[in-house]
Amino acid sequence: MPVLAVLFALTTWQVAVSGPLLRLDERVGHRMFGRGPSWLSQFCSDLGGMQVALPVLACALMYALWRGARRTVLCAALTMIAVPLLVMPLKFGVDRQGPLVPYTGYYPSGHTATAAVAYGAAALLLMPYARRRWPLPAAAAVLTAATGSGLVLHGYHWPLDVLGSLWLCGLLLCPLYLLTVSSRSTRRSSARTRSR
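The notes below deal with the structure included here. Note that the coordinates shown come from a computational prediction; the quantities given were computed from them, not determined experimentally.

1. What about the overall build of the protein chain?
Thinking step 1. Along the backbone of the protein chain there are eight helices and zero strands.
Thinking step 2. Secondary structure elements in the protein chain, listed N-terminal to C-terminal, are α-α-α-α-α-α-α-α.
Thinking step 3. Relative to the globule expectation of 16 Å for 196 residues, the C-alpha radius of gyration of the protein chain, 18 Å, shows essentially globular dimensions.
Thinking step 4. By principal-axis analysis of the C-alpha atoms, the protein chain measures approximately 65 × 35 × 25 Å.
Thinking step 5. A separation of at least 24 residues holds for 78% of the contacts in the protein chain among residues at least 6 apart in sequence.
Thinking step 6. Accessible surface, the protein chain: about 10,700 Å² in total, of which carbon and sulfur atoms supply 69%.
Thinking step 7. With 18 positive and 5 negative side-chain charges, the protein chain shows a spacing of 26 Å between the two charge centroids.

2. Details of unusual backbone geometry
Thinking step 1. Cis rather than trans, the peptide bond between tyrosine 107 and proline 108 has omega equal to -5°.
Thinking step 2. Within the secondary structure, proline 108 sits in the loop between α5 (70-94) and α6 (110-126).
Thinking step 3. Despite not being glycine, serine 18 has its phi angle at roughly 55°, a positive value.
Thinking step 4. Counting through the fold element by element, serine 18 comes out in the loop between α1 (2-16) and α2 (20-32).
Thinking step 5. Backbone geometry places aspartate 95, a non-glycine residue, at a positive phi of 55°.
Thinking step 6. The residue aspartate 95 is located in the loop between α5 and α6 in this model.

3. Side note on the environment of glycine 48
Thinking step 1. The topology assignment puts glycine 48 in the loop between α3 (38-46) and α4 (50-66).
Thinking step 2. For glycine 48 and alanine 116, which are 68 residues apart along the polypeptide, the C-alpha to C-alpha distance reads 8.1 Å.

Conventions we followed
Residues numbered from 1 in each chain as written. Predicted model: local features only at pLDDT ≥ 70, side-chain atom pairs only at ≥ 80, totals over all residues. Heavy atoms only, no water. Helix = DSSP H or I, 4+ residues; strand = E, 2+ residues; numbered from the N terminus. Rg over C-alpha atoms; globule rule 2.2 N^0.38 Å. Contact = heavy atoms within 4.5 Å. Areas by Shrake-Rupley, 256 points an atom, 1.4 Å probe, with all protein chains shown as cover. Lys, Arg positive; Asp, Glu negative; His and termini not counted. Charge placed at Lys NZ, Arg CZ, Asp CG, Glu CD.

Written out as structure tokens, the structure reads:
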């Protein structure tokens, strides 16, 4: 968690003050824009849209609520609500210009943040009920990486916009992860007590 905070602070600082990392970011970004099929990068970008990511999270929230995980569901919902409350002021505060447009407000990437929290929270909510747990976080990571890659390749965002969102959302998901782990260990200990 402290590592994510340091990475987010460093990335935000470099973008805000136009530091050396920002210049490297723009060089890398210009090389990446337009690579690959346009339809694929657009499809991947859309995975971070609210119309796609939020219904996935909503289904996971309803299932976990049906299974009785009220605290975890509340924490996941609050984590998703926190995304625009944190991302929008940062966009206005940093005021970074977009890659291919004259407009500003591109750091951090809102689509990446939406994807990271929606898919990450959905995976954390469903993991306690899955026979094999590893496919859920792997799927969340792939969907989030696809979103970020699509945004950069299509020219919607600079690479640091995506990375800044990933660091921020990693921080946001930490309390939900800790709650999920503690709930799982509580369920295990109560199951052992009942079996005795």
